[in-house]
Amino acid sequence: MTASTTRRTTAARSRIAAVGALAVAGALILTGCGDQTEGGKSTPSAPAEAKKSDAPLFSALPKKIQDAGVIKVGTDAAYAPMEFVEGGKIVGVDPDIAEALSKQLGVKFEFTSGSFDGLITSIYTGRQDAIMSSITDNKKRQEGLDDKGEKIGKGIDFVDYFSSGLSLLVKKGNPEGIKSMDDLCGKTVAVQRGTTYEDAFKAQAEKCGDKKLTIQAFDTDAEAQTRVKAGGAVADLNDYPVAAHAVKTSGGGNDFEIAGQQSDVGLFGIGVSKESTQLRDALKQALDAAIKDGSYAKVLEKWNVQDSAVKSATVNAGQ
């Protein structure tokens, strides 16, 4: 991917974690249409009596959410360790961070899984209040632009909570000797459709010119990984934490390895409507509070992704 548009997310830290067999099974259970189905909801992360909450930042929330006691969150729960399915529930880094925010805000974060490329649409339609799915914050998403720079939507705002670089995931033993994106020219790669990782491969394909780079895009990252494992593609592109998780867990550590060095560090953000400035600002305050009280750090330590911590919450800091 290009330096500023890489990730399942976009620009400034990307999405994390390749999916193991359990997560793959969960994805089959929970992944639905792009505009999020009602199935596949996580266990509420805060008490049901949210509108009576005395949580420190409850009053900062929009009245509509105070009354509902819920922030509806769209995700694609097939991206371990960031968000995946375990025991029929959506778990991972993002749900745990949401729970830390819930304690500050006094409302539930109710996650519903759907396809990644439909998440932003779910904000436009109002089906979700927010999206949290290792989504890279970048200018294109902020401004509602397509790959050609043409306006296709209102754009969304991001509260940035996580940073990550990109890594190439290759078959164990790296049989093709891949060390960088340039080594992919003339070969076939696999990637999740609709992600900035796919954008990065497309940019690399242009650089390769006549030495064609063939890109196979799939609905989930798990499918892309399976393609690499089977030898049908030489590499998948992912955020470092996701790739590292896949290396450690898939096939007992015998399926994959990371090729070359981590690159294109960017930011993941919680996405909200441009019109939801009060919710955006409340989420920012809650994240800053969680960073200050140490609950944010405990989540990252739990998942062994401490290197991806941000020092403070920012809004639309992605490039």
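One can find the structure itself at the top, above this paragraph.
Please read these numbers as outputs of a predicted model, since none were measured by experiment.

Cut-offs and rules
Residues numbered from 1 in each chain as written. Predicted model: local features only at pLDDT ≥ 70, side-chain atom pairs only at ≥ 80, totals over all residues. Heavy atoms only, no water. Helix = DSSP H or I, 4+ residues; strand = E, 2+ residues; numbered from the N terminus. Expected span 1.5 Å × (residues − 1). Buried < 20%, exposed > 50% of the residue type's maximum accessible area, 1.4 Å probe, protein only. Pairing = 2+ DSSP bridges. Right-handed = clockwise from strand over helix to strand, strands pointing away. Disulfide = S-S within 2.5 Å. Polar contact = N/O pair within 3.5 Å; in protein donor to acceptor, adjacent residues only side chain to side chain. Salt bridge = Lys/Arg side-chain N within 4 Å of Asp/Glu carboxyl O. Axes fitted to C-alpha atoms, helices over the stretch in contact; angles between N-to-C directions. Parallel < 35°, antiparallel > 145°, perpendicular 65-115°, else oblique. Left-handed = near helix turned anticlockwise from the far one by under 90°. Contact = heavy atoms within 4.5 Å. Nonpolar A, V, L, I, M, F, W, Y, C, P; charged D, E, K, R; others polar.

Considering helix α3 (residues 93-105)
Here α3 spans 18 Å end to end across 13 residues, near enough to the 18 Å set by a 1.5 Å rise per residue. Within α3, 11 of the 13 residues are buried, which leaves it mostly tucked inside the rest of the structure. Turning to α3, its buried residues number three or more, namely V93, D94, P95, D96, I97, A98, A100, L101, S102, Q104 and L105. Downstream of α3 by a residue or two, G106 has a phi angle that is positive, lying close to 80 degrees.

So, the pairing of strand β8 (residues 214-218)
Successive side chains on a regular strand alternate, one facing one side of the sheet and the next facing the other. Pairing of strand β7 (residues 188-192) with β8, which is carried by 5 bridges, proceeds in the parallel orientation. Note that in β8 the partner of V189 across the bridge is I215. Assessed by its sense of winding, the connection that carries the chain from β7 through helix α6 (residues 196-208) to β8 is right-handed.

A short note on the state of the cysteines
Counted according to the given criterion, the structure contains 1 disulfide. Through a disulfide, C185 is tied to C208; the S-S separation comes to 2.0 Å. The sign of the S-S torsion, about -80 degrees, decides the handedness of the disulfide formed by C185 and C208: left-handed. Of this pair, C185 sits in the loop between β6 (156-171) and β7 while C208 is found in helix α6, placing the two residues 23 residues apart along the sequence. Classification of C185 by relative accessible area gives buried; the value is 14%. Residue C208 is classed as buried on the basis of its relative accessible area, which comes to 8%.

Details of the pairing of strand β10 (residues 256-273)
Inspection of the sheet shows strand β5 (residues 130-131) paired to β10 by 2 bridges, in the antiparallel sense. If you follow A130 over to β10, its bridge partner there is V272. Bridge count between β6 and β10: 13 bridges; the pairing is antiparallel. Note that in β10 the partner of F162 across the bridge is F268.

Some points on the environment of D157
Inspection of the secondary structure puts D157 in strand β6. By relative accessible area, which is 4% here, D157 ends up buried. Within the structure, the side chain of D157 is placed 3.0 Å from the side chain of R280, a separation counted as a polar contact. Engagement of the side chain of D157 in a polar contact is seen with the side chain of N316, the distance being 3.0 Å.

Focus on the pattern of salt bridges
Inspection of the entire model under this criterion finds 13 salt bridges. Residues D199 and K140 are paired through a salt bridge, measuring 2.8 Å at the closest nitrogen-oxygen approach. Here D199, found in helix α6, pairs with K140, found in helix α5 (residues 139-143); they are 59 residues apart in sequence, far enough to count as distant. Residue D199 shares its accessibility class with K140, and that shared class is buried. Overlapping salt bridges, with partners in common, bring together D157, K274, R280 and D281 in one network.

A short note on the packing of α3 against helix α10 (residues 295-302)
Running from N to C, α3 and α10 cross one another at 160 degrees; their axes reach a closest spacing of 9 Å. Put simply, α3 runs roughly antiparallel to α10. Handedness of the α3/α10 crossing: right-handed. In this structure, α3 contributes V93, D96, I97 and A100 to the contact, and α10 contributes S295, Y296, V299, L300 and K302. Residues of the contact of α3 with α10, tallied by class, amount to 6 nonpolar, 1 polar and 2 charged.

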